[in-house]
Amino acid sequence: MTSLMGQPTSDGRFGEFGGRFLPESLIPACAELETAFTEAWADAAFHDEYESVLRDYGGRPTPVTECRNLSAQLGIRVLLKREDLAHTGSHKINNVIGQALLARRMGKTRLIAETGAGQHGVATATAAALLGFECRIYMGAVDVVRQALNVFRMELLGAEVVPVSSGSRTLKDAINETLREWVATVGATHYCLGSVMGPHPYPWMVREFQRIVGTEAHGQCRELLDGADPDVVVACVGGGSNAAGTFAGFVDTDARLVGVEPAGGAAIGRGIPGVVHGSKSYLLQDEHGQVLEAHSLSAGLDYPGVGPEHAHLAASGRVTYHAAGDAEVLDAFSLLARTEGIIPALEPAHALAWVIRAAGTDDLPAGCTVMVTLSGRGDKDVAQVAAMFEQSGLLSPRG
Amino acid sequence: MTPGPIEEALRARREAGRKLLVPYVTGGLNDDWVRVVEAVAAAGADAVEIGIPFSDPVMDGPVIQEASQQALAAGATPGSILADVARIDVDVPLVVMTYYNIVFRAGHRRFAQSLAEQGVSGAILPDLPLIELDGWGRAADEAGVETILLVAPNTPDGTLSEICSRSRGWVYGVAVMGVTGERTTLASTAAVLGRRLKAATDKPVLLGVGVGTPEQAAEATVDADGVIVGSALVRRLLEGVGPDGAADFVAALRAGLDRT
Ligand SMILES: Cc1ncc(COP(=O)(O)O)c(C=O)c1O
């Protein structure tokens, strides 16, 4: 029996979830990665390098900001963990710096990655530029259009961006294509997976590389709250990496933990156990086991699965998962911009949407303190949101 | 464990001096796919692999991806394909190839039993490696379904011999580091893997992935007992050759193997 948010079992399980469901040709690479990560993570010199790159290059620690205007409006106390202020504009940099340093230690010369919103692709291309890797990013053809600015950023950083036209042409298919390439190039290439999903050791390793979010936030909240913890800690969940990193810092406190999925891609809310992309977890699928397409305005959450540790956290009852719909997400996006002068990415706008909806109910009673991980900034999304406001008479920037 | 019917049949043919040929056909691709299976069996196949299409086939290249999508779009389900399989009239073993979520969703025992009931002798699940085999492996053994395991060119020796002893039916050597699809030449990894497998096991050793011409089939069987041919056949089916054209192609592969 593993403790909550500790190490998975030797076969990569969190409860009944996780594992290593991959073609035999990738099993040696996963075993090699597991050994390399285990050794590096026990090595103080590796921690020093990881932390110093994130500090001197990545801009850590990111602050926790108290939202006075929004708090007054909602009747609860809202704190934001500001991953939008990290280099490249989201929490993705934490994981990528960790994996790139590990890949270098393993003697790899090339990074490949999938990306949805483009944030993980931009972060990977950034780390590749910094540490001298060749870099190729797979991105669904739909997302290439939705996130054109990020495609240009990746190319500017020296990465090759490959549009993926199979299946639903979004994140799920970008992962398929990256796995297909990895089967062929596994020797010199490291697959820099962007979230707490995939085969063992990725869900565990990516959570450890994101733990810094929760560790920092826990200390910062204690300082702000005179030694107390927030009543509730909230994060959005796509694959689940910003949430896992955040929760890891609070799982041993009394804080209630809440994950927010997109209504059109609620793997925990509406999925059933299944196996895709290397691990067993909750999955949106039909009665025959075909994976369904997720539908979310947010490219970074447009994924029918979820990391296996979240499936376990949900089953254990320690974390509660809710869903937020596109319209309330757009409202939250606008509200934070107007009240606090912070334009959030559409992904964490899901977490905010739930907070706004729940404020004053039993979930978030008046006067309680809630900390939300603002996983990224909204610059990448403004063109898409502007187009949506224009298209719809119901939605306007004035809410 | 004593050999099952697939292994028995393939051993007998091998002992008779024959090189083994297993074509792959995507189930539910075109209305005449059942006749395609019968035609390739009659044209010289020693077993036929039937693909149950999955939405996210990570071990497959563009040709089998396209065939899978077409079959799914035409309404193919695991149930409809297995119902069609029951109508297939051939005297060689039939094997299904699919991805693990299809099996997991149905339930190990239920899926194994439905294969056995519809006359399917074996199963290949390319995303279920040895370390995750347990639950399905037991259910398949109980139902008398032979699970054919894959070995990759980079599989370490220890794992390779474990896979050889756990595999039923035959041992599937993945000839190239990569996904299914035609290649202009047979990968250099094929011969090396064929020799490693032959040294490790007396079970039939078949090489697949990147074997697509009579010449490549002949070359691959210098170091192995036979070949599996998928994308080269499925590409022709996507081009519309139908059962007769499929039979012609399989007959050409057969001739290439018989010349060696
Ligand atoms: C800003 C931001 N937040 C969240 C996510 C979702 O990923 P995860 O659930 O792994 O944090 C993404 C993914 O692209 C993102 O860009």
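You'll find the structure just up there.
Rules behind the numbers
Residues numbered from 1 in each chain as written. Chains lettered and ligands numbered in written order. Predicted model: local features only at pLDDT ≥ 70, side-chain atom pairs only at ≥ 80, totals over all residues. Heavy atoms only, no water. Contact = heavy atoms within 4.5 Å. Buried area = accessible area lost by both parts, 1.4 Å probe. Salt bridge = Lys/Arg side-chain N within 4 Å of Asp/Glu carboxyl O. Polar contact = N/O pair within 3.5 Å; in protein donor to acceptor, adjacent residues only side chain to side chain. Helix = DSSP H or I, 4+ residues; strand = E, 2+ residues; numbered from the N terminus. Nonpolar A, V, L, I, M, F, W, Y, C, P; charged D, E, K, R; others polar. Near = heavy atom within 4 Å. Areas by Shrake-Rupley, 256 points an atom, 1.4 Å probe, with all protein chains shown as cover. Phe/Tyr/Trp six-rings, centres within 6.5 Å; stacked < 30°, edge-to-face > 60°. Buried < 20%, exposed > 50% of the residue type's maximum accessible area, 1.4 Å probe, protein only.

## Things to note about the interface of chain A and chain B
With 37 residues of chain A at the contact, the number on the chain B side is 35 residues. Summed over both partners, the interface of chain A with chain B buries about 2,800 Å², with 56% contributed by carbon and sulfur atoms. Three residues, A:Glu24, A:Arg180 and A:Gln290, lead the burial of chain A against chain B; their summed loss comes to 25% of the area buried on that side. Between chain A and chain B we count two salt bridges in total. Residue A:Arg13 pairs with B:Glu132 through a salt bridge whose shortest N-O separation is 2.7 Å. For the pair chain A and chain B, the interface holds 16 residue pairs in polar contact (both at pLDDT 80 or more). In terms of residues, the side of chain A that touches chain B owes the most to one element, helix α8 (residues 171-185) of chain A, which gives eight residues. Of the residues assigned to the side of chain A that touches chain B, the class counts are 15 nonpolar, eleven polar and eleven charged.

## Some details on the site of the ligand
Residue and element names in this part refer to chain A. Taken together, 19 residues form the shell around the ligand, and within it Ser 195, Gly 238, Gly 240, Ser 241 and Ser 375 come nearest. The contact in question runs from an oxygen atom of the ligand to an N or O atom on the side chain of Ser 195, over 2.5 Å. For the ligand, whose accessible area on its own is 390 Å², the fraction buried by protein is 97%. Here the shell around the ligand is composed, by residue class, of five nonpolar, twelve polar and two charged.

## Details of the packing of aromatic side chains
All told, the structure shown has 16 aromatic pairs over all chains when counted by the stated rule. Aromatic pair A:Phe37 and A:Trp204: ring centres 4.9 Å apart, planes at 85°, arrangement edge-to-face. Remark: A:Trp204 occurs in helix α9 (residues 202-224) and A:Phe37 occurs in helix α1 (residues 27-41); sequence separation between them is 167 residues. The pair formed by A:Phe37 and A:Trp204 is uniform in burial state, with each residue classed as buried. Relative to B:Phe104, the ring of B:Tyr100 lies with its centre 5.8 Å away and its plane at 40°, an arrangement referred to as tilted. Taken together, the residues B:Tyr100 and B:Phe104, both in helix α5 (residues 100-106) and four residues apart, mark about one turn of the helix.

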